[in-house]
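# Observations on chain architecture
What follows is each chain in one-letter form.
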Amino acid sequence: MAGIWGNLHVNDAIVFDGRIDELVATVCLNDPRTKAQLRADAVRALSERAARMVCTCGDAHCAGEPPTTDRDLVIHVLAESSTIDGDGAAPGYVSGFGPIAADTLRILAAHQGQREDAWRAEQPGKILHELRVGEYAHLGLIPHTPYYGSVDATPLWLCLLGAHAAWTGDLALFHELAPQVEAALIWLDHGGDADGDGYVEYDGQGGIGLINQGWKDSSNAMVDRDGSLAEAPIRLAEVQGYVHAARLAVAELFERAGDHARGAQQRRAAHALRRRFAHDFWLEDAGTYAMALCGPGDPRHGPGTPLRSLASNAGQVLWGGLPSVARARRTAATLMGPALFSGWGIRTLASTERAYDPIGYHVGTVWPHDNALIAAGMRRYGLDRAAE
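A few points on the structure. Nothing here was measured: the structure is a model prediction, and the numbers come from that model. (Residues numbered from 1 in each chain as written. Predicted model: local features only at pLDDT ≥ 70, side-chain atom pairs only at ≥ 80, totals over all residues. Heavy atoms only, no water.)

### Examining the pattern of salt bridges
For the structure on display, the rule yields 19 salt bridges. For the salt bridge of Asp 103 with Arg 106, the shortest nitrogen-to-oxygen distance reads 3.3 Å. One end of the pair is Asp 103 and the other is Arg 106, both in helix H4 (residues 102-110) and three residues apart, which spans about a single turn. Classification of Asp 103 by relative accessible area gives partly exposed; the value is 32%. On the basis of relative accessible area, Arg 106 is assigned to the partly exposed category, the value being 33%. Glu 176 serves as the salt-bridge partner of Arg 106, at 2.7 Å between the closest nitrogen and oxygen. On the criterion of sequence distance, the pair formed by Arg 106 in helix H4 and Glu 176 in helix H7 (residues 172-176) is long-range, its members being 70 residues apart. By relative accessible area, which is 42% here, Glu 176 ends up partly exposed. (Salt bridge = Lys/Arg side-chain N within 4 Å of Asp/Glu carboxyl O. Helix = DSSP H or I, 4+ residues; strand = E, 2+ residues; numbered from the N terminus. Buried < 20%, exposed > 50% of the residue type's maximum accessible area, 1.4 Å probe, protein only.)

As structure tokens, this is what we get:
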């Protein structure tokens, strides 16, 4: 799939394809650009909240209005090439990966899961993964209305709320979203940890949705050293880091609000997760953490089998603050070794793995957002040279 990334202002719900057509219609028939060029330029105009496009016919009367500067909510949009060319009716997906903004948190909270719905992977308290518009969504032929097949969105929403309060110094939004915070915490304890082993997991039963429900959501992303795919349930390493960071963030919010008992409760849960993770995920011979724990656990052997492939997942564990200083240094050294560090960045899967593909979606490529979180994690542990 060919596509483009763009930043769009969102006011409630924007029908992406329709807004492109509206903007294209603001230029005259003498504009020399092709339909595809006009629609691509319309995406840029949307990102700037322009009311009109600038016509390139040469007539001064066709000049569009200058863009406004009010961009308090921005989301990332991946638009398929067929949408830009005018042959498709919807973007690939629209998802809330924008800057810290109260409206981002409110919109996600407004779509928080309310019931058990296997078709959409919805559960009470769960934050959505993806929202689509267009004919398939309108007719109910796809579950993305919205779709909740992601186990990382909920802890990351809590992290974002904590970051918002830290940057603004204001607890008003925390108080406003208190019911949604409670629901998200309940999901972490129960809906996200269905087997009660202390880890947030997913069952891998994607149906028409996603089999893998972390950020590496392609069907072959969770692969072992022998090339076999992971067995469900799958407990992703980086997701446990997100949960750890989320609990500490919420603990601070409770404490700042005067609820020290709830704050202490979340800190205890975070510390327990850190101890458990250190025991279950660490691979001493590899000097890093397992990508995930997979399969059903048991009292004798613990919660699942470690997925031992060398991968970038361990780098995001540093961002979540789970490792000790000593293990963070060893993990960073492994990440910066020739198998994982390409010179351009850290690969999603090491070049020494059987499933490695340098252009595979999550099995060898280098992702900027992945490397950004890894670099932030390294900086957290004072590993500035590696981060740079």
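### What to know about a nonpolar patch on the surface
Together, Tyr 136, Leu 139 and Leu 141 line one region of the surface with nonpolar side chains, adding up to about 360 Å² of accessible area. Here Leu 139 is to be found in the loop between helix H5 (135-138) and helix H6 (153-168). (Patch = residues over 30% accessible without salt bridge, like charges linked within 9 Å, V, L, I, M, F, W, Y side chains within 5 Å. Areas by Shrake-Rupley, 256 points an atom, 1.4 Å probe, with all protein chains shown as cover.)

### Observations concerning the nonpolar core
Counting 63 residues, the largest nonpolar core has Trp 157, Leu 158, Leu 161, Val 181, Met 222, Phe 277 and Phe 281 as its most contacted members. For this core, the leading source of residues is helix H9 (residues 237-256), giving nine residues. For Val 181, the residues in contact, after removing those within four places along its chain, are Trp 157, Leu 158, Leu 161, Phe 174 and Val 250. Ranked by size, the runner-up nonpolar core spans 13 residues in total, among them Leu 335, Ile 346, Met 378 and Leu 383. (Core = buried A, V, L, I, M, F, W, Y, C linked by side-chain atoms within 4.5 Å. Contact = heavy atoms within 4.5 Å.)

### Overview of the environment of Asp 226
Along the chain, Asp 226 turns up in the loop between helix H8 (178-191) and strand E4 (234-236). The class for Asp 226 is partly exposed, based on a relative accessible area of 48%. Taking the C-alpha atoms as reference points, Asp 226 and Arg 308, separated by 82 residues in sequence, lie 9.7 Å from one another. At 2.6 Å, the side chain of Asp 226 and the side chain of Ser 228 are in polar contact. (Polar contact = N/O pair within 3.5 Å; in protein donor to acceptor, adjacent residues only side chain to side chain.)

Don't take any of this as a statement about function, it's just geometry.
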